[in-house]
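Understanding the architecture of this molecule
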Amino acid sequence: MTGDAGRATIRDVAERAGVSVASVSRVLSGTYPVSEDLRRRVMEVVRDLDYVTNAHARSLAGGGTPTVAILLNDITGAAFAHVARGVEGAASLRGWLSLVGTTGDDPDRELTLVHLMRQQGVAAVVLLGGASDFDEYQLRMGRFARSLDAAGSHLVLVGRPPLEGDVPATTVDYDNESGAYAMASHLLSAGHRRVLVLPGPAGLTTAQGRLRGVTRAFEAYGVAFDRGLVRHGPYDDGYGYAAVEAALRDTPDFTAVLAGTDVVAAGSLRALRAAGLRVPDDVSLVGYDDIPLASQLTPQLTTVHVPYEEMGRVALRAVADRWEGARPGGRRKGGGEREDLVLGTHVVVRDSVRPPRRR
C-alpha cells in the first residue's frame, strides 16, 4: 500500500519491512545504533518503494521543505546554544530547514514570534530555556500549543516545565533537581557544611529546581541548611562575582560555592582570587551545565553535566517522527498528542573540590 498518487510514505516502508515507524526513522537518520539486519531490511524496502525520491516529491507538494523554528531567550547563552545546535544538526540530517529567533525573555516578543512562525507554516516551534511566573506560563504555553496544533504545527518545550492538562505539546527536559541534589551531596560527602548557593534568578523555574535539589541533599544528610547563604541573581559572571564578594564580607565562613551555572562559577572564581583565596585549597567551587568553559578554567571545574545537545536532537526527532509518520491524507503533525521526555544528569568530578579547612 502506498500514499496519495502512489507515493510511498514512511509508514509504507515500516509496514513492508515489518518494523515500527520509529525504527525506520532511526535507520534513515543514522543517529541511532541499529542492528545490521534491521538496517538491511529497511534499506531494501526503501529502494523497492523508491521512498527517498517520493518523500522529496511529497515535501514539495506540501509547500516546501519542513522547517523548525528555534526560539531562545539569548543566542549568546552557551547552554541553550548547544540545544539549538542539537536541533539544527538533527534537522539537517532529516533534510529539514532551521530558523532561529531570540525572545529576550519578553513574553510579548515570544507571542509575536510564535504567531509569525504559525503563519509561515513551520512544522514545529521549539522554545528553549526556563520559565518565570509559572501560572501565566502554563496559560500562555497552552494557548501557543493549541494555536499551533490548529494550524498543523507542533510546540516543543525544551528545558521548561511540562504543561498541565491535555495540551498538544512535547516537553524535553532534564533532571534538574536531581542534578543539584547530586552536586550538593558531593560537597557534603567531602565534609562541607557551609555552602554558598547561587541558584540563579528567584522567579525562574530552573533556579527553583536547583535550590530544591540542594535543600533535599542537606535534609538527607541531616545537615542544617542556612538560607542566609542563598544569593539569587541572573545567570552571568557578574552575579557570581558580586554574590561571592558580598558573602565574603557578610558571611565569610562558607567553605564551598555551589554556582547555578558554569558561567556564574567563573565569576565566583574571579571574586575568590581577588580576595586572595585559592580554589580548591581555601574554598571549593562547583558549577552546573558542563559547557566547554568548565574544563577550560583553572582549576578545571567540577560540575553537573546536562545533555543539552542531545536534548535538541531528541526534540527534533520527536516532532519529525510525528510529522513523517502521519497517515497519508491525514494531519501531518501534532494531532492533539502530548509527550513529556526527561533526560538524565550526572556530576563530572574535576579539580575544584577538596575537603574543607579552616581559613
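Residues numbered from 1 in each chain as written. Predicted model: local features only at pLDDT ≥ 70, side-chain atom pairs only at ≥ 80, totals over all residues. Heavy atoms only, no water.

1. Some words on the overall build of the chain
Within the chain, the secondary structure is distributed over 13 helices and 11 strands. Residue burial in the chain is summarised as follows: out of 359 residues, 53% are buried. For the chain, long-range pairs separated by at least 24 residues make up 74% of all intrachain contacts whose partners lie at least 6 apart in sequence. (Helix = DSSP H or I, 4+ residues; strand = E, 2+ residues; numbered from the N terminus. Buried < 20%, exposed > 50% of the residue type's maximum accessible area, 1.4 Å probe, protein only. Contact = heavy atoms within 4.5 Å.)

2. Examining the pattern of salt bridges
Under the defined criterion, the tally for this structure stands at 24 salt bridges. The partner of glutamate 44 in a salt bridge is arginine 40, and the shortest N-O contact between them spans 3.4 Å. Taken together, the positions of glutamate 44 and arginine 40, both in helix 3 (residues 36-49) and four residues apart, correspond to about one turn of that helix. Accessibility expressed as a relative area gives 34% for glutamate 44, which makes it partly exposed. When its relative accessible area of 40% is taken as the criterion, arginine 40 is described as partly exposed. Aspartate 282 is the partner of arginine 357 in a salt bridge, and the nearest nitrogen-oxygen pair spans 3.3 Å. Of this pair, arginine 357 sits in the segment after strand 11 (346-348) while aspartate 282 sits in the loop between helix 11 (262-274) and strand 8 (284-286), and the two are 75 residues apart along the sequence. Ionic contacts of the salt-bridge type, sharing partners, join the residues Arg85, Glu309, Glu310, Arg313 and Arg317 into one network. (Salt bridge = Lys/Arg side-chain N within 4 Å of Asp/Glu carboxyl O.)

3. Quick word on the nonpolar core
Formed by 50 residues in total, the largest nonpolar core has its most connected members in Trp96, Leu128, Val158 and Leu316. When residues of this core are assigned to their parent elements, the largest contribution, eight residues, is made by helix 13 (residues 308-324). With sequence-adjacent residues up to four places away left out, leucine 316 is seen in contact with Val68, Val87, Ala90, Ala91, Arg94 and Trp96. Counting residues in hydrophobic clusters, the runner-up holds 24 residues, among them Phe254, Ala265, Ala266 and Leu277. (Core = buried A, V, L, I, M, F, W, Y, C linked by side-chain atoms within 4.5 Å.)

4. Points about helix 8 (residues 176-189)
Compared with the 20 Å implied by 1.5 Å per residue over 14 residues, the 20 Å span of helix 8 between its first and last C-alpha is a close match. Phi turns positive, to about 105 degrees, at glycine 191, one or two residues after helix 8. (Expected span 1.5 Å × (residues − 1).)

5. Structural notes on the sheet that holds strand 1 (residues 67-72)
Within the open sheet, the six strands sit side by side as 2-1-3-4-5-10. Their pairing is parallel. Either end of the sheet is taken by a strand with one partner, and the two such strands are strand 2 (97-102) and strand 10 (339-343). Here the strands of the sheet are splayed against their neighbours by 15 degrees on average, with no regard to which way each runs. In this sheet, strand 3 (residues 124-128) lies alongside strand 1 in parallel orientation, the contact comprising four bridges. Across the sheet, residue leucine 71 finds its bridge partner in strand 3, namely leucine 127. Across the sheet, helix 5 (residues 78-94) touches strand 1, strand 2, strand 3 and strand 4 (155-158), and the angle it forms with strand 1 is around 180 degrees. (Pairing = 2+ DSSP bridges. Axes fitted to C-alpha atoms, helices over the stretch in contact; angles between N-to-C directions.)

6. Section: the pairing of strand 6 (residues 195-198)
Judged by which residues are buried, strand 6 turns out to be covered on both faces: Val195 and Val197 on one side and Leu196 and Leu198 on the other are all buried. When strand 6 meets strand 7 (residues 256-259), the two strands line up parallel, connected through four bridges. Bridge assignment links valine 197 to a residue of strand 7, and that residue is leucine 258.

7. Considering the pairing of strand 7
Side chains of strand 7 alternate between two faces, with Ala256 and Leu258 and Val257 and Ala259 buried alike. In terms of strand pairing, strand 7 meets strand 8 through three bridges, oriented parallel. By the bridge assignment, valine 257 is partnered in strand 8 with leucine 285. In this fold, strand 7 hands off to helix 11, which returns the chain to strand 8; that crossover is right-handed. (Right-handed = clockwise from strand over helix to strand, strands pointing away.)

8. Quick notes on the sheet that holds strand 7
Read from one edge to the other, the open sheet built from three strands follows the order 6-7-8, with strand pairing classed as parallel. Single-partner strands in this sheet number two, and they are strand 6 and strand 8. Mean inter-strand twist for the sheet, computed between neighbouring axes without regard to direction, equals 15 degrees. Strands strand 6, strand 7 and strand 8 of the sheet are contacted by helix 11, whose axis makes an angle of about 160 degrees with strand 8.

9. Structural notes on the packing of aromatic side chains
One pass over the structure, following the stated rule, counts three aromatic pairs. Look at tyrosine 174 and tyrosine 308: their rings are 5.9 Å apart centre to centre, the planes differ by 70 degrees, and that puts the pair in the edge-to-face class. With tyrosine 174 in strand 5 (residues 169-174) and tyrosine 308 in helix 13, this residue pair connects regions lying 134 residues apart in the sequence. Both residues of the pair, tyrosine 174 and tyrosine 308, count as buried. Members of the aromatic cluster, connected to one another through ring pairs, are Phe80, Tyr174 and Tyr308. Positioned above the aromatic ring of tyrosine 288 is the side chain of arginine 210, whose terminal nitrogen or guanidinium carbon lies 3.7 Å from the ring centre. (Phe/Tyr/Trp six-rings, centres within 6.5 Å; stacked < 30°, edge-to-face > 60°. Lys NZ or Arg CZ within 6 Å of the ring centre and 35° of its normal.)

10. Observations regarding the packing of helix 1 (residues 10-17) against helix 3
Angle between the axes and distance between the axes: these two values describe a pair of packed helices. Running from amino to carboxyl end, helix 1 crosses helix 3 at an angle of 125 degrees, the nearest separation of the two axes being 9 Å. Between helix 1 and helix 3, the crossing angle belongs to the class labelled oblique. Both helix 1 and helix 3 take part in a crossing whose hand is right-handed. Where helix 1 abuts helix 3, its residues Asp12, Val13, Arg16 and Ala17 lie against Arg41, Val42, Val45, Val46, Asp48 and Leu49. Tallied by class, residues from the contact of helix 1 with helix 3 come to six nonpolar, no polar and four charged. (Parallel < 35°, antiparallel > 145°, perpendicular 65-115°, else oblique. Left-handed = near helix turned anticlockwise from the far one by under 90°. Nonpolar A, V, L, I, M, F, W, Y, C, P; charged D, E, K, R; others polar.)

Keep in mind that these numbers describe shape and distance, not what the molecule does.
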